[in-house]
Amino acid sequence: MLDLNILFCKNQLTEIDTTLQKMIKGAVSVCSVVDQTSFLYHARFPDLSAVNTCGNSSFLPCKSGSKVPDYGNHLLLLQGKDKITPRAAYRIPPDSEDAQRQSSSDSSDDQLFVFPDNDENLEEPRKRRAASKIQSRIDLQQIAKKLGHQVTILDKLKAVHLHILAMEQWNASRLKLCHQNYSASAINMLHYLALKSLDTEQIKEELSSIGLMNLETINTHVLSSLSGCIEMLINSRPDSLLGLKVSTEGLPVQQHLDNKNVDLGMTAMVKKASSDRDLLLGKLQSLKKAHIMVTVGQEAAENDTQITDLISSGATIFRINCAHGNTELWSKIITTVKRCSHLLEKPCQILMDLAGPKLRTGRLKDGPCVVKISPKRNALGRIIRGAQVWLSPQGAGLPPSHLSPDVILQVDGEEFLSKLEVDDSVRFTDARGKQRSLRTISKYPVFSGAGFMAECSKTAYVESGTALYIKEKGKKSSVGFVVSVPPAEQFVRLRVGDLLVLTRDSSDKQDTSPCSAVGTHKMTCPCGYLFDSVKPGDPIAFDDGKIWGVIKGTSISEVVVTITHAGPKGTKLGSEKSINIPQSNIRYEGLTSKDLMDLDFVAAHANMVGISFIRDVHDIVVLRQELSKRKISKLGVVLKIETQGGFEKLPLLILEAMKSGNPLGVMIARGDLAVECGWEKLADIQEEIMSICSAAHLPVILATQVLESLVKTGVPTRAEITDAANGRRASCVMLNKGKHIVKAVSTLDTILNSQCTNAKAELKPLMLINRVG
């Protein structure tokens, strides 16, 4: 990152006081946002110090070509290791010139042109000036002559001010393409990117020392904050120190873009961020500060009680993953959510994620429709607690949220259930022919009847059709039948050193039995991209990084993987689990044919659509075309950032999405993102995404493994609690489904929306005493 001690001149400076030059420690690097490249570009020269930018390694060098279609007259002072070298910077040609510029092989990748001052191509006269010329009233030459040996904090802020305005002007043609709803937000995001391209550490310390603004907190309103600070410094210093009277007209907070008045004032920007959040996610009730999103599936279609409990606990958005299920199931879920929301008078939104071009394992053959009932045993094998079994009428759904049964059995038999009472003994013969019994211990009212919690003291295997009997003295036994036992989940257990063969052919569901060689397993991958793009030596990850391996061999129809990381006892890999190949250059289609079919359903039934695995601007272009074709203008669009390409090109993706007026937001999908970019980088990447979205006034959804231990086991880890608390910076936090999801929603609601005053009330003030007792 370049040092901020700079002087940004409006006209060429041929003579600069030597003492002033010594105080200039670095230079501004001109930034531009364009389609073909990443969001910030820096010129690199052999005589310059290393250039680093926080959280991004995608900056490309600019060529020193000799053919420049147009340029301005802004001079930068670039300091190398031992000298200061003046260089001229040129603007990006407008869109009308793009084709001509790109036709030249010498400058096809150039978005920034920088030349030495003695380059013969810079000879006067220059008849055509850059359209991005900065019209500032601040004459920095005069400041330099007046100050002599002193470069003040005011001068640095003025230079920063000029720099962010330059960023805006150099990208004026792109800003004009943004929808009017996003004009101010797009401008502010460019201002933020310009600010981030500078090394501001010294100026932060100087501002802090005099009690002025913090540059880390002005993301939402960059220009107005800088302008206000500059004006404050000007008004607070005697004229004798400056000798200049600077008009505030040179520090604009309102600008005109294509005859549209854009208010960049702080109040307007804060309101814009709030309104954009409400437009996408819905308005928050009472004093709540963030939304809670919950992923739901088959269970939501069958159980009104769970949806009711989730809404009552604080859930405001429900997410459906289109990678699973079908339109019939989705319709049932949405109907259930809307009915419960209406009854509770608490509005809820629906987000549907398109599956996208994700690599997944294929489907394994369904296992037998049998469930195992196992009592809890101690280390010596002695039973310490019988297995908890929930018995309920068919279609009654899940048990009450405060119950945690080990097994759920649905029973077909109205007479049987009507006669069943607490302390009754229910007898049955399990799938092995063993005689077993259940003892009912409690009774609860449920939808369409009553449900019972029962206890089983011996291991049993129960399948669909198993007959249940209540033995009554002197009477014929009542009979009920177990129904709808789901097939057992099939998987392969992978250990370090095992071989996994991925096959292209998915016409037949693969058996879970291993291949002939010990420690060799076979699964399918229905996505042909995998077999066309990988090569031996590439690392590969499964199930969000739970399993890692290295590709040992490839063919047109198979990929052989050696497992290098798994659990000590092996790790299960089941159907439709994620596959990531971080170092490969797999080219995916943006929206699959399935996504396009699902989009019609989503537009008709949901409030938001999630776009998965975005990698480049073309994906957004295709999305905008499909939305325009269907005349969908009110459907919210959530960009899911879960790939390295999506992160590196985030500002470009946002600018492209801002060409449409649809409500817009960003989801940080940390599962695939961590695998693709590296675990150790995830925190910095998350911080950078949230900062960019804050500058663009876009709501952020924080997702993946939030309170995961609490959701699955009922007890959170300490790290999970602090991670969830960091979600206060986001507009929404997402939880995945699990056994204790209702408890997790309630806990998260408390963490996100606890009032600061209540927390402070619990802290006793520190009492100072005059003497030690």
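Residues numbered from 1 in each chain as written. Predicted model: local features only at pLDDT ≥ 70, side-chain atom pairs only at ≥ 80, totals over all residues. Heavy atoms only, no water.

Asks: A description of the overall build of the chain should follow, citing residues and the corresponding values.
Replies: When its secondary structure is counted, the chain shows 25 helices and 34 strands. Within the chain, the fraction of its 773 residues that count as buried is 54%. Excluding contacts between residues fewer than 6 apart, the proportion of contacts in the chain whose partners are at least 24 apart in sequence is 72%. Looking at the chain as shown, the accessible area adds up to about 36,300 Å², and 50% of this sits on carbon and sulfur atoms. (Helix = DSSP H or I, 4+ residues; strand = E, 2+ residues; numbered from the N terminus. Buried < 20%, exposed > 50% of the residue type's maximum accessible area, 1.4 Å probe, protein only. Contact = heavy atoms within 4.5 Å. Areas by Shrake-Rupley, 256 points an atom, 1.4 Å probe, with all protein chains shown as cover.)

Asks: Hey, could you go over the sheet that holds strand β8 (residues 291-295) for me, with residue numbers and the actual values?
Replies: Backbone hydrogen bonds hold the strands of a sheet together, and the pairing may be parallel or antiparallel. Spatially, β8-β9-β10-β30-β31-β32-β33-β34 is the arrangement adopted by the 8 strands of the closed barrel, whose pairing is parallel. Averaged over all pairs of adjacent strands, the angle between strand axes in this sheet comes to 25°, irrespective of strand direction. Both β8 and strand β9 (residues 317-321) contribute to a ladder of 3 bridges, which runs parallel. Bridge pairing links V294 to F318 in β9. Against the sheet, helix α13 (residues 327-344) touches β9 and β10 (349-353), its axis set at about 175° to β9. Sheet contacts for helix α20 (residues 670-677): β31 (636-641), β32 (664-669) and β33 (700-703); angle to β32, the most-contacted strand, approximately 60°. (Pairing = 2+ DSSP bridges. Axes fitted to C-alpha atoms, helices over the stretch in contact; angles between N-to-C directions.)

Asks: Please set out unusual backbone geometry residue by residue, giving values where relevant.
Replies: A positive phi is found at E345, a non-glycine position, where the angle reads about 60°. One non-glycine residue, L707, lies in the positive phi region at around 50°. When you line up the elements, L707 lands in the loop between β33 and α22 (708-713). Note on L707: relative accessible area 0%, which makes it buried.

Asks: Can you lay out the sheet that holds strand β24 (residues 520-524) for me, pointing to particular residues and giving the numbers?
Replies: If you walk across this open sheet you meet the 6 strands as β24-β23-β27-β26-β25-β29, and the pairing is mixed. Strands with a single pairing partner mark the edges of an open sheet, and in this sheet they are β24 and β29 (579-580). In this sheet, β24 lies alongside strand β23 (residues 499-503) in parallel orientation, the contact comprising 5 bridges. Of the residues in β24, the one forming a bridge with V501 is K522.

Asks: Talk me through the pairing of strand β17 (residues 435-446); I want residue IDs and the actual numbers.
Replies: Of the strand pairs in this sheet, strand β16 (residues 425-429) and β17 are connected by 5 bridges, and their pairing is antiparallel. Looking at the pairing, V426 lines up with L438 of β17. Taken together, β16 and the strand that follows it, β17, pair antiparallel across an intervening segment of 5 residues, in which G433 is found at a positive phi of about 90°. Relative to strand β18 (residues 449-456), β17 runs antiparallel, the two being bridged by 7 bridges. Bridged to R439 within β18 is E455. The loop that links β17 with its antiparallel partner β18 comprises 2 residues; one of these, S448, has a positive phi angle of about 65°.

Asks: Give me the packing of helix α12 (residues 304-313) against α13: which residues, what numbers.
Replies: Direction vectors running N to C along α12 and α13 enclose 50°, while the axes themselves pass 9 Å from each other. Accordingly, the angle class assigned to the pair α12 and α13 is oblique. Pair α12 / α13 crosses with right-handed handedness. Packed against α12, whose contacting residues are D304, I307, T308, I311 and S312, the element α13 presents T336, V337, R339, C340, S341 and L344 at the interface. Here the contact of α12 with α13 is built from residues that sort into 5 nonpolar, 4 polar and 2 charged. (Parallel < 35°, antiparallel > 145°, perpendicular 65-115°, else oblique. Left-handed = near helix turned anticlockwise from the far one by under 90°. Nonpolar A, V, L, I, M, F, W, Y, C, P; charged D, E, K, R; others polar.)

Asks: Any chance you could break down α13 for me, citing the residues and the numbers?
Replies: Here α13 is 18 residues long and its end C-alpha atoms lie 26 Å apart, about the 26 Å a rise of 1.5 Å per residue gives. Within the sequence span of α13, burial applies to L329, W330, I333, I334, T336, V337, C340 and S341. Projected down its long axis, α13 shows its buried positions confined to an angular sector of 160°, all on one face. The exposed residues of α13 that point more than 90 degrees off its buried face are E328, H342 and L343. For α13, the secondary structure elements touched by its buried residues are α11 (298-302), α12, β9, β10 and α16 (593-605). (Expected span 1.5 Å × (residues − 1). Arc of directions from axis to C-beta.)

Asks: Lay out the environment of Q285 in plain terms, naming residues and giving numbers.
Replies: Structurally, the position occupied by Q285 is in the loop between α10 (266-281) and β8. As for Q285 and P347, which are separated by 62 residues in sequence, their C-alpha atoms are 9.0 Å apart. Apart from residues lying up to four places away in sequence, Q285 is in contact with E345, K346 and P347.

Asks: Mind laying out the environment of K631, listing which residues take part and the relevant values?
Replies: With respect to the helices and strands, the residue K631 is situated in the loop between α17 (617-629) and β31. Through-space distance from the C-alpha of K631 to that of A603 is 10.0 Å; in sequence the pair is 28 residues apart.

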